[in-house]
Amino acid sequence: MSIGSIGSANSYIYNNVNRSNNRNNGTDRFDRFGVTTASNAHEVSEQSSRFTAYDAYQSATANVWFRSEIGEYYLQNIERRDANFAYQAKSGLQKVDNERYLIDVMDTIEGCWYIYDKVRDERIIFDPMSSSIQTDENTGKDYIISCDPWGGLMNVMEADHALVESIKTFLQTDDVTKLNLNDKYTVEIHESTGIEFLKVKGREGYGTWFLTSEQEMLDKLQDLANLYKEKYPNIVTDDNLALTFYAMGEVAGNVVRTANGIMIVACNGMSYYDNADPSKNWGVMWSFNDTDIYNKVMQAMTEGLIAGNDVEDYEIWKAFFEEQEIEFEKALSDEELAAIAKEIEMHNLENGKRINREAWK
């Protein structure tokens, strides 16, 4: 039994668990899986033709009206426009190419800059009009925060001392203006793996920006990936998915291990896969626009409101949704859809026989 209708929730996780894919690093993990609606994680086909939100943004930035009108609106309405890189580039730009970083203006995307980290093999592309350095007061760490013209987070990159100094050189300035980290962002560290990531408050189910380097993160995830393969051999049958979907998804807060299976929670739905008995699989969908449902579902599990084997029980969750007045729809399995189709077919057949009998009277 497979859950066909819940696939869109799962595919959303593939494309948003690691939002840092926009960095264009060497192994764009989730981009390679595409957005094909799949019955489960194993049916997602590898492809590289996904048109991302960043692609749309790139296309939009090529439009003169977009850059002049929307860009100016952004500049005039942000709290500290003097902190964006474009404002600070008063003395012109000087290409940086040192042992660690390469910083330059993009040739292929008008108005955009890029930073390439040679050690991490990661590249971040950003619009200087809506990008700045922001500091987390709790840790003192600096981050390059890149947003779209409406303030939506596009990209994040940790800025160590060497990178900050490189940016000063690029901007030809002795000092660079920084902001406090936007209070809508939260930087967290996963307890068991030590992986650092950023989420947007109130939109936790919509994406995760990993801040730990590519290779370091994969190394830390390997033990967790092995656990998934050992505990759920009938679900997790692929080494790569064990690492880059299940293990990484757990760190991002989208995949939950249960006693007998795996729960996947996205911003627009959730699904359960049972390792021993696929007939117990189920899924539900809810409104993509309701940003609170993901948090309510996760809190129900973390706070023990729904715990133990109850987490795997659709009826328990159905009662929870009804009590919380959450509108939802159960995703029908292939078997349930086939049964409905059969019932309709039999109904139409009986109606046809009845009409024929009446016609011969």
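Residues numbered from 1 in each chain as written. Predicted model: local features only at pLDDT ≥ 70, side-chain atom pairs only at ≥ 80, totals over all residues. Heavy atoms only, no water.

Q: Please clarify how the pairing of strand S14 (residues 269–274) should be interpreted in this entry.
A: Residues in a regular strand point their side chains to alternate faces of the sheet. Across the six residues that make up S14, a large majority, six, are buried. By the alternation rule, side chains of S14 split into Gly269, Ser271 and Tyr273 and Met270, Tyr272 and Asp274, which are all buried. Bridge count for strand S13 (residues 261–266) against S14 is six bridges, and the pairing is antiparallel. Along S14, the bridge assignment pairs Ile264 with Ser271. Two successive antiparallel strands, S13 and S14, enclose a turn made up of two residues. Sheet topology note: the S14/strand S15 (residues 282–286) ladder contains four bridges and is antiparallel. By the bridge assignment for S15, Gly269 is matched with Met285. (Buried < 20%, exposed > 50% of the residue type's maximum accessible area, 1.4 Å probe, protein only. Helix = DSSP H or I, 4+ residues; strand = E, 2+ residues; numbered from the N terminus. Pairing = 2+ DSSP bridges.)

Q: Even after reading the chapter, I still don't get the packing of helix H6 (residues 214–231) against helix H7 (residues 239–252), so can you show me in this structure?
A: The packing of two helices is summarised by the inter-axis angle and the distance between the axes. Where H6 meets H7, the closest approach of the two axes is 8 Å, and the angle between their N-to-C directions is 100°. Taken together, the axes of H6 and H7 are roughly perpendicular relative to one another. Where H6 abuts H7, its residues Met217, Leu218, Leu221, Gln222, Leu224, Ala225, Tyr228 and Lys229 lie against Asp239, Ala242, Leu243, Tyr246, Ala247, Met248, Glu250 and Val251. In terms of residue class, the contact of H6 with H7 is made up of twelve nonpolar, one polar and three charged. (Axes fitted to C-alpha atoms, helices over the stretch in contact; angles between N-to-C directions. Parallel < 35°, antiparallel > 145°, perpendicular 65-115°, else oblique. Contact = heavy atoms within 4.5 Å. Nonpolar A, V, L, I, M, F, W, Y, C, P; charged D, E, K, R; others polar.)

Q: What should I look at first to understand empty space enclosed by the protein in this one?
A: It is the rolling of a water-molecule-sized probe over the atoms that shows where space remains empty. Inspection of every chain in the model, using the stated rule, returns two cavities of 30 Å³ or more. Along the walls of the second largest cavity sit Phe85, Ile103, Trp113, Ile115, Phe126, Ile167, Phe170 and Leu171, which together make up its complete lining. Only strand S3 (113–117) and helix H5 (161–171) provide two or more residues apiece to the lining of the second largest cavity. Counting residues per element, the lining of the second largest cavity draws most heavily on H5, which supplies three residues. Residues of the lining of the second largest cavity, tallied by class, amount to eight nonpolar, no polar and no charged. (1 Å grid on protein atoms, 1.4 Å probe; cavity = no way out; pocket = protein on both sides within 12 Å on 5 of 7 lines; lining within 4 Å. Points joined across faces, edges and corners; volume = space filled by probe spheres on them.)

Purely geometric numbers; function is a separate question.
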